[in-house]
Amino acid sequence: MEAVLEIRDLVKVYPSGTRAVDGVSLDIQRGEFVVLIGLSGSGKSSLLRCINRLVEPTSGRIVFDSADVTRASGPELRRIRRRIGMIFQQFNLVRRTSVLSNTLAGRLGYRTTWRTIVGRPSPDDVIAAFENLGRVGIADKAYARADALSGGQQQRVGIARALMQHPELMLADEPVASLDPATSHSVMKYLEEINKKDGITVICSLHFLSLARRYGTRVIALKGGKVAFDGKPADIDERRFKEIYGEDAIEVEIGPVRDDDPTRIEARTRELAADSTTAAAKLNIPDR
Amino acid sequence: MAEYFVSRGLPVPQELTRNPLTQWRRLLVIGASVAVVYLGLRVTNLDFSRANPEHAASVIRELFNWDFRILTPQNEFETWWDTAEGQMVVTILLGVIATAFSLVIALPLSFLGARNVMAGNPITAGIYIVVRLIFTIVRSIDVLIVVIISSVLLGIGSAAGVVGLAFHNVGVLGKLYSEAIEGIDPGPLEAITATGANRLQVIWTAVIPQIVNPYISFTIYRLDANVRLAPILGLVGGGGIGILLFQSINLLQYGAAGLIIFMIVVTVAAMDFASAQIRKRLL
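Owing to the predicted nature of the structure, the values given are computational and were not obtained by experimental measurement.

Q: Where do I start with the overall build of chain A in this structure?
A: Summing up its helical and strand segments, chain A has 10 helices and 10 strands in all. For chain A, with 288 residues in total, the buried portion stands at 45%. Contacts in chain A between residues at least 24 apart in sequence constitute 73% of all its contacts with a sequence separation of at least 6.

And the structure:
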């Protein structure tokens, strides 16, 4: 196993004085599905955003695939960013534009400014966009406006947009926190699929430990900006849980669909995939 | 009533104990307002004694006794453009041109005047403050004052009117545009930045789609306001139908003046209606 991401002594202090990330050191191996857990304000979002420098780290070093992220700037930083996909809790789609142009935005890091402004997207990019939308089961919505979609569908557009970057690492900042339980599972399924089939390393922050146990190969818990636990999902017992979430915390399950009821998720995923195949057929998208 | 709260150990709501009439602060505000109006009447010394009801009545009658000769050329030297409707069209176009000029200047400046675009680096933050300050100063000089000055600088006529109107509008549109940019959803900016796009690509892909509709809406709103302002520009040397109106009043041709005023009212009402309809459909 090789480390795709090395984080050394990372510190992020906001101007308000909040130490959001306080000396975090981690090695993320290629192909891992890392789940970040921790209370709100424990530094999960800041840590994720430091990795692609949406948030400027105060000190420390981040090395992504032997490129120093913390010292990169300008074009070099953008070349690193385009290899790191990201999806967001609020999906962050450009709501007034179509699903297709939102998906195509994932290619911006590979295009010149000139081409962005005057050019039309290349046929290859359009085909890739439909393929990625098809993978997440919403190729038929390509021409709809982004804000006409449901939350789960918008998040899948977010995944398709990130896939357009051909990422080696996928950052997911509470991707299912705005979604209902069944939809949450279907979105997590897609993340699991890109992790297993495409070998994309995933770092995903989650609120529900049950989801972390079900999808993660490794769980990292943050508390007050420090790593409070790092290990296998199964190793989080009652005592560890209370350490992470505090004495009064009670573990809640995300229901009604759980991993002991996989049939419903499978059925829903198949349903969505079938929709997209027919849609793709109608739109004449080559099946690769 | 207060007993209910006291017996339960709760704080008594102020509404229960306060009598609005005995609050000295309210009484002070009311007293001060009355005093200011009274003082104003004394100082300005309004004098209605010179009004002549009979003359006023005859003028009002004349205003409705429209003189339709102004709608056709009256001698061989006049063309259609010299008629009242020709001048009305010119006036509308003055407003349109002024809006176009101010749009072209305010559009690029608005990005420099948006806090969320310019934040992050002390130089750009400095530019932001300067640009917004310019918008405020420009906006605070009333159109009529700007036109009076520009008619001195450029000579009386349409050029002075357009430049004066456009100058003031750069301040107004710049502020409206900048605030539209500041009001956008920051999420897409973050997401597009994360794809490895550069600053211009981020603006083009994530900012522009969010501001197109507010921009069009604000521009139409200002176009409407400019066309409404254009007829009075002639009164201070800015060209258009205002000159005609001013002349006919000075020559005591109240019939002509009344018709011109009616034409202005119809034009402004039509503009107002059209602009409201378009803006409603955009939002």
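What follows continues from the structure just given.
Q: Honestly, the overall build of chain B in this entry has me stumped. Any pointers?
A: For chain B, the helix and strand inventory stands at 13 helices and 0 strands. In chain B, the succession of α and β elements from N to C terminus is α-α-α-α-α-α-α-α-α-α-α-α-α. Across its three principal axes, chain B shows a C-alpha extent of roughly 85 × 65 × 35 Å. Residues counted as buried form 35% of the 283 residues belonging to chain B.

Q: Teacher, can you tell me more about the sheet that holds strand β1 (residues 3-13) of chain A here?
A: All names here are of chain A. Strand order across the open sheet formed by 4 strands is β2-β1-β4-β5, with antiparallel pairing between neighbours. The open sheet has two edge strands with one neighbour each: β2 (19-29) and β5 (67-68). As paired strands, β1 and strand β4 (residues 59-64) are joined by 5 bridges and run antiparallel to one another. When the bridges of β4 are listed, Glu 6 appears paired with Val 63. Packing against the sheet, helix α1 (residues 44-51) makes contact with β1, β2 and β4, and its axis sits at approximately 60 degrees to β2.

Q: I'm lost on the sheet that holds strand β9 (residues 218-223) of chain A in this one. Help?
A: All names here are of chain A. Spatial strand order, β6-β7-β8-β3-β9-β10: 6 strands in an open sheet with mixed pairing. In the strand order of this sheet, the two ends are held by β6 (84-87) and β10 (226-231), each with one partner. The sheet shows a mean angle of 15 degrees between the axes of neighbouring strands, taken without regard to direction. Strand direction decides the pairing type here: strand β3 (residues 33-37) and strand β8 (residues 201-205), joined by 4 bridges, are parallel. Each residue of the ladder has a partner; that of Val 35, found in β8, is Cys 204. Contacts between helix α6 (residues 151-163) and the sheet are confined to β6 and β7 (169-173), with β6 contributing the most and set at about 170 degrees to the helix. On top of the sheet, helix α9 (residues 238-245) reaches β3, β9 and β10; it is set at about 155 degrees to β10, its chief contact.

Q: Would you mind going over the nonpolar core with me for this structure?
A: General note: in soluble globular proteins, nonpolar side chains tend to be found buried as a group. Residues A:Val35, A:Leu36, A:Leu133, A:Leu171, A:Val202, A:Ala212 and B:Ile260 are the most contacted members of the largest nonpolar core, which totals 135 residues. Counting residues per element, this core draws most heavily on helix α11 (residues 199-233) of chain B, which supplies 14 residues. Excluding anything up to four places from it in sequence, B:Ile260 contacts B:Ala84, B:Ile241, B:Leu244, B:Leu245 and B:Ser248.

Q: Looking at this structure, I do not really get unusual backbone geometry. What am I missing?
A: A negative phi angle is the norm for most residues apart from glycine, just as the trans form is the norm for most peptide bonds. Here A:Arg53, not a glycine, exhibits a phi torsion of approximately 60 degrees, which is positive. Summarising the element assignment, A:Arg53 is placed in the loop between α1 and β4.

Q: Help me understand the interface of chain A and chain B, please; the structure alone is not making it clear to me.
A: It is common to give the size of an interface as the accessible area that goes away when the parts come together. Each side of the interface is counted separately: chain A has 22 residues, and chain B has 18 residues. Within the residue set of the side of chain A that touches chain B, elements represented by two or more residues are α2 (74-81) and α4 (113-118) of chain A. Taken together, the residues that form the side of chain A that touches chain B break down as 8 nonpolar, 9 polar and 5 charged.

Q: Any chance you could explain the pairing of β3(A) here in plain terms?
A: Residues and elements named next belong to chain A. When you tally the buried positions in β3, you get 5 out of 5 residues, the bulk of the element. Residues Phe 33, Val 35 and Ile 37 line one face of β3 and the alternating positions Val 34 and Leu 36 line the opposite face, and both faces are buried. Across 4 bridges, the pairing between β3 and β9 is parallel. Bridging from a neighbouring strand, Val 34 pairs with Arg 218 of β9.

Q: Even after reading the chapter, I still don't get helix α3 (residues 24-44) of chain B, so can you show me in this structure?
A: Working note: α-helix, 3.6 residues per turn, so residues spaced by three or four point in the same direction. All names here are of chain B. The end-to-end C-alpha separation of α3 is 30 Å, in line with the 30 Å expected for 21 residues at 1.5 Å each. Little of α3 sits out of view: just 0 of its 21 residues are buried. Where α3 terminates, the next one or two residues include Asn 45, which has phi positive at roughly 55 degrees.

Q: Looking at this model, I keep getting lost on the confidence of the model for chain A. Mind explaining?
A: Low pLDDT marks regions whose predicted coordinates should not be analysed in detail. Residues and elements named next belong to chain A. Per-residue confidence for chain A gives a mean pLDDT of 85; residues scoring 70 or more make up 86%. This stretch, residues 256-260, has a pLDDT under 50; its non-local contacts, to residues over four places away or in other chains, come to 9 contacts. In the model, residues 280-288 has pLDDT below 50 throughout and makes 12 contacts with residues more than four positions away in sequence or in other chains.

Q: Before we go on, may I ask you to explain the domain arrangement of chain B in this structure?
A: Looking at chain B, the domain boundaries give domain 1 (2-44) and domain 2 (70-282). Each of domain 1 of chain B and domain 2 of chain B was reduced to a C-alpha centroid, and the two centroids are 44 Å apart.

Q: Can you help me understand the packing of helix α7 (residues 122-140) of chain B against helix α9 (residues 158-182) of chain B in this one?
A: If you want to describe how two helices pack, look at the angle between their axes and the distance between the axes. Residue and element names in this part refer to chain B. Running from N to C, α7 and α9 cross one another at 135 degrees; their axes reach a closest spacing of 7 Å. Of the possible angle classes, the one that applies to α7 and α9 is oblique. In terms of crossing hand, the pair formed by α7 and α9 is left-handed. Note on element contacts: α9 touches α7 through Phe 167, His 168, Val 170, Gly 171, Val 172, Gly 174, Lys 175 and Ser 178, opposite Arg 132, Phe 135, Val 138 and Arg 139. Its residues assigned to classes, the contact of α7 with α9 shows 5 nonpolar, 4 polar and 3 charged.

Q: Please explain helix α7 (residues 181-197) of chain A as it appears in this structure.
A: For α7(A), built from 17 residues, the straight-helix expectation of 24 Å at 1.5 Å per residue is met to within 8% by its first-to-last C-alpha distance of 24 Å. At the C-terminal side of α7(A), A:Gly199 shows a positive phi close to 65 degrees.

Thresholds applied
- Residues numbered from 1 in each chain as written.
- Chains lettered and ligands numbered in written order.
- Predicted model: local features only at pLDDT ≥ 70, side-chain atom pairs only at ≥ 80, totals over all residues.
- Helix = DSSP H or I, 4+ residues; strand = E, 2+ residues; numbered from the N terminus.
- Buried ≥ 20, exposed ≤ 12 C-beta atoms within 10 Å, placed from the backbone.
- Contact = placed C-beta atoms within 7 Å.
- Pairing = 2+ DSSP bridges.
- Axes fitted to C-alpha atoms, helices over the stretch in contact; angles between N-to-C directions.
- Core = buried A, V, L, I, M, F, W, Y, C linked by C-beta atoms within 7 Å.
- Nonpolar A, V, L, I, M, F, W, Y, C, P; charged D, E, K, R; others polar.
- Expected span 1.5 Å × (residues − 1).
- pLDDT = per-residue confidence, 0-100.
- Domains from an automatic or database assignment.
- Parallel < 35°, antiparallel > 145°, perpendicular 65-115°, else oblique.
- Left-handed = near helix turned anticlockwise from the far one by under 90°.

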